[in-house]
Amino acid sequence: MRTPARYVHGAALLATGLLAGAFGYGAANVVPTFGAVPLDVRLTFHTAMMEVNEPIMQSAMALAILTSFGLAVVCRGLPRRLALGAGALTVASLLVTVFGNVPLHAHIRRWAATSAPAGHPEILQKWELFHTIRTLTALSAFALVIGIAVLARPETR
């Protein structure tokens with residue numbers, strides 16, 4: 001792999017790894033903790049955490065998308081296809097977040113300020129499902145970018 005492609009590959013490894021790691025940490029540690037605390041604590045923590053997480057995670061998703069597709073631009077053959085797959089998976093993580101998790105955050109914010117409705121467990125389970133999906137898509141994107149290093153010998157333009 002030529003030097004510029006190595007830099008892009010390194011950036012894609014870092015960005016997709018950070019995204020997968022952040023979502024994975026949430027799935028392995030934060031979500032189970034949500035289930036172990038009283039609802040009012042969960043809602044307060046969830047609301048505060050989302051305010052801090054939103055700009056960070058949006059930036060991480062944007063970097064993962066840009067570097068994955070950037071890698072596709074500088075590679076050919078199988079590495080290009082793997083990089084395109086990683087880019088598509090990071091876009092999927094973004095779409096699940098924007099159309100799944102974010103709308104549910106609005107409900108959770110309201111509940112933290114007032115009270116949760118009778119059907120709130122189903123809505124919270126839906127948020128967790130969307131989080132699991134975006135975690136798996138981010139992890140899969142990271143695996144594809146790793147696959148470029150491990151399985152394929154990238155040919156550059």
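In case you missed it, the structure is sitting above this.
Presented here is an overview of the structure given in this document. (Residues numbered from 1 in each chain as written. Predicted model: local features only at pLDDT ≥ 70, side-chain atom pairs only at ≥ 80, totals over all residues. Heavy atoms only, no water.)

## A few points about the packing of aromatic side chains
Enumeration according to the criterion identifies 2 aromatic pairs in this entry. Both rings, one in Phe-34 and one in Phe-45, keep their centres 5.9 Å apart while their planes meet at 70°; by these two values the pair is edge-to-face. Taken together, the residues Phe-34 in helix 1 (residues 3-36) and Phe-45 in helix 2 (residues 39-74) connect sequence positions 11 residues apart. Look at Phe-34 and you get buried, because its relative accessible area is 4%. For Phe-45, a relative accessible area of 44% translates into the label partly exposed. (Phe/Tyr/Trp six-rings, centres within 6.5 Å; stacked < 30°, edge-to-face > 60°. Helix = DSSP H or I, 4+ residues; strand = E, 2+ residues; numbered from the N terminus. Buried < 20%, exposed > 50% of the residue type's maximum accessible area, 1.4 Å probe, protein only.)

## Describing the pattern of salt bridges
Taken as a whole and assessed by the stated rule, the structure comprises 2 salt bridges. With a closest N to O distance of 3.2 Å, Glu-128 and Arg-42 form a salt bridge. Residue Glu-128 is located in helix 4 (residues 120-150), and its partner Arg-42 is located in helix 2; the two are separated by 86 residues in the primary sequence. Classification of Glu-128 by relative accessible area gives partly exposed; the value is 24%. Among the residues examined, Arg-42 registers a relative accessible area of 6% and is labelled buried. (Salt bridge = Lys/Arg side-chain N within 4 Å of Asp/Glu carboxyl O.)

## Looking at the side chain of Thr-135
Summarising the element assignment, Thr-135 is placed in helix 4. Classification of Thr-135 by relative accessible area gives buried; the value is 10%. Of note is the side chain of Thr-135, whose polar atom sits 2.7 Å from the backbone oxygen of His-131. Setting aside its immediate chain neighbours within four residues, Thr-135 contacts Phe-23, Gly-24 and Ala-27. (Polar contact = N/O pair within 3.5 Å; in protein donor to acceptor, adjacent residues only side chain to side chain. Contact = heavy atoms within 4.5 Å.)

## Focus: a nonpolar patch on the surface
Together, Leu-95, Val-98 and Phe-99 make up a nonpolar patch on the protein surface, roughly 310 Å² of accessible area in all. For Val-98, the location among the structural elements is in helix 3 (residues 77-113). (Patch = residues over 30% accessible without salt bridge, like charges linked within 9 Å, V, L, I, M, F, W, Y side chains within 5 Å. Areas by Shrake-Rupley, 256 points an atom, 1.4 Å probe, with all protein chains shown as cover.)

## Digging into the environment of Arg-76
Inspection of the secondary structure assignment puts Arg-76 in strand 1 (residues 75-76). Each C-alpha atom of the pair Arg-76 and Glu-122 lies 45 Å from the other, and the pair is 46 residues apart in sequence.

## Considerations on helix 3
With 37 residues, helix 3 should cover 54 Å at 1.5 Å per step; its first-to-last C-alpha distance of 53 Å lies within 8% of that length. Along its length, helix 3 shows its largest kink, about 35°, at Thr-97. (Expected span 1.5 Å × (residues − 1). Bend = angle between axes of the 7 residues up to and from the residue.)

## Some details on the environment of Gly-10
Relative to the assigned elements, Gly-10 resides in helix 1. Expressed as a C-alpha distance, the spacing of Gly-10 and Asn-101, which sit 91 residues apart in the sequence, is 29 Å.

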